[in-house]
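# Observations on chain architecture
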Amino acid sequence: MALRHASRLLNHGPTVLVSSVADGRRNLMAAAWSMPVEFEPPRIAVVIDKSTYTREQIVRTGMLALNIPCRALADLTYTVGSVSGRDAPMPAQDKFDRYGVASFAGPELGLPLVEGCIGWLECRVISEPHTEQAYDTFFVEAVSAQSDPRVFADGRWTMDGRHPQLHTLHHLGAGLFAVAAETVQGKVLAGSS
Ligand SMILES: Cc1cc2nc3c(=O)[nH]c(=O)nc-3n(C[C@H](O)[C@H](O)[C@H](O)COP(=O)(O)O)c2cc1C
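So, a few notes on the structure that sits alongside this text. In this text the structure is predicted, and so the values were computed from the model without any measurement.

Moving on, we come to the site of the ligand. Close contacts around the ligand come from 22 residues, with Ala30, Asp49, Thr54, Ser84 and Gly85 the closest. The separation between an oxygen atom of the ligand and a polar side-chain atom of Asn27 is 2.9 Å. The side chain of Thr54 places a nitrogen or oxygen atom 2.6 Å from an oxygen atom of the ligand. If the ligand stood free it would expose 650 Å²; the protein chains cover 86% of that surface. Contributions of two or more residues to the shell around the ligand are made by strand 2 (25–31), helix 2 (53–61) and helix 3 (74–80). By residue class, the composition of the shell around the ligand is 12 nonpolar, eight polar and two charged.

All of the buried residues along helix 2 are Tyr53, Thr54, Arg55, Gln57 and Ile58. In this structure, the buried residues of helix 2 make contact with strand 1 (16–22), strand 2, strand 5 (63–68), helix 5 (129–135) and strand 9 (137–147). Its side-chain oxygen placed 3.1 Å from the backbone nitrogen of Arg55, Thr52 serves as the N-cap of helix 2. Gly62 sits one or two positions beyond helix 2 and adopts a positive phi of about 75°.

Now for the packing of aromatic side chains. Tallying each qualifying case throughout the model produces two aromatic pairs. Look at Phe104 and Trp120: their rings are 5.4 Å apart centre to centre, the planes differ by 75°, and that puts the pair in the edge-to-face class. In this pair, Phe104 sits in strand 6 (residues 103–105) while Trp120 sits in strand 8 (residues 119–126), placing the two residues 16 residues apart along the sequence.

What follows covers the environment of Gly116. Here Gly116 shows up in the loop between strand 7 (112–114) and strand 8. Under the relative-accessibility criterion, Gly116 is labelled partly exposed at 43%. Each C-alpha atom of the pair Gly116 and Asp97 lies 15 Å from the other, and the pair is 19 residues apart in sequence.

The omega torsion of the bond from Glu40 to Pro41 falls at 0°, within 30 degrees of zero and hence cis. Locating Pro41 in the fold gives a position in the loop between strand 3 (34–38) and strand 4 (43–47). Residue Asp23 is not a glycine yet carries a positive backbone phi of 50°. Take Asp23: it is sitting in the loop between strand 1 and strand 2. The phi dihedral of Asp136 falls on the positive side, at around 55°, and the residue is not glycine. Secondary-structure assignment places Asp136 in the loop between helix 5 and strand 9. For Asp136, a relative accessible area of 13% translates into the label buried.

About the thresholds
Residues numbered from 1 in each chain as written. Predicted model: local features only at pLDDT ≥ 70, side-chain atom pairs only at ≥ 80, totals over all residues. Heavy atoms only, no water. Near = heavy atom within 4 Å. Polar contact = N/O pair within 3.5 Å; in protein donor to acceptor, adjacent residues only side chain to side chain. Areas by Shrake-Rupley, 256 points an atom, 1.4 Å probe, with all protein chains shown as cover. Helix = DSSP H or I, 4+ residues; strand = E, 2+ residues; numbered from the N terminus. Nonpolar A, V, L, I, M, F, W, Y, C, P; charged D, E, K, R; others polar. Buried < 20%, exposed > 50% of the residue type's maximum accessible area, 1.4 Å probe, protein only. Contact = heavy atoms within 4.5 Å. Phe/Tyr/Trp six-rings, centres within 6.5 Å; stacked < 30°, edge-to-face > 60°.

As structure tokens, then:
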């Protein structure tokens with residue numbers, strides 16, 4: 001898909017899975033707080049708390065991927081958002097191995113992308129030490145964008161019910177998600193003269 005459509009993947013605020021790799025060790029966490037901040041180049045803000053192992057990895061490498069999970073991945077999303085990769089059992093087993101998550105390499109950065117997701121963005125971190133420190137907010141630039149054409153093509157989501165397991169997740173709290181299930185086309189009102 002075209003990189004200029006990357007922001008459309010996140011426009012409606014889906015929960016994402018942040019994947020990263022450092023020193024050969026992969027990691028995966030859930031993030032409900034991400035949003036586009038620029039169309040071209042496609043830039044995104046994502047909150048990554050200081051307590052996370054993900055943060056340690058992305059500070060080290062300057063790279064992360066945003067994977068967009070769907071209804072079928074609700075349990076995985078809640079799980080990787082509830083367990084830290086830092087607490088991996090010995091011998092070191094990352095969350096991909098532990099929960100049987102298949103991955104494929106991103107086309108630009110080679111980051112581990114989660115199979116079964118419906119959108120993928122590989123991103124480079126734009127260094128903003130103040131916002132990272134003060135607000136745990138990382139600005140990133142997407143350098144590759146991919147989508148599952150069954151639900152996202154030509155810069156548009158189709159959520160017409162043909163693939164109910166492939167609709168996006170929106171975190172309400174404590175593992176409860178709303179699923180984006182319907183669309184409505186807004187029209188510009190004529191207004192009274
Ligand atoms: C649905 C969901 C959404 C979350 N959103 C965020 C978020 O936006 N930012 C964040 O820092 N942590 C968020 N978390 C918490 C992290 O995913 C969690 O701390 C995770 O265990 C970190 O994993 P890590 O230490 O392996 O990086 C969320 C958790 C869940 C379950």
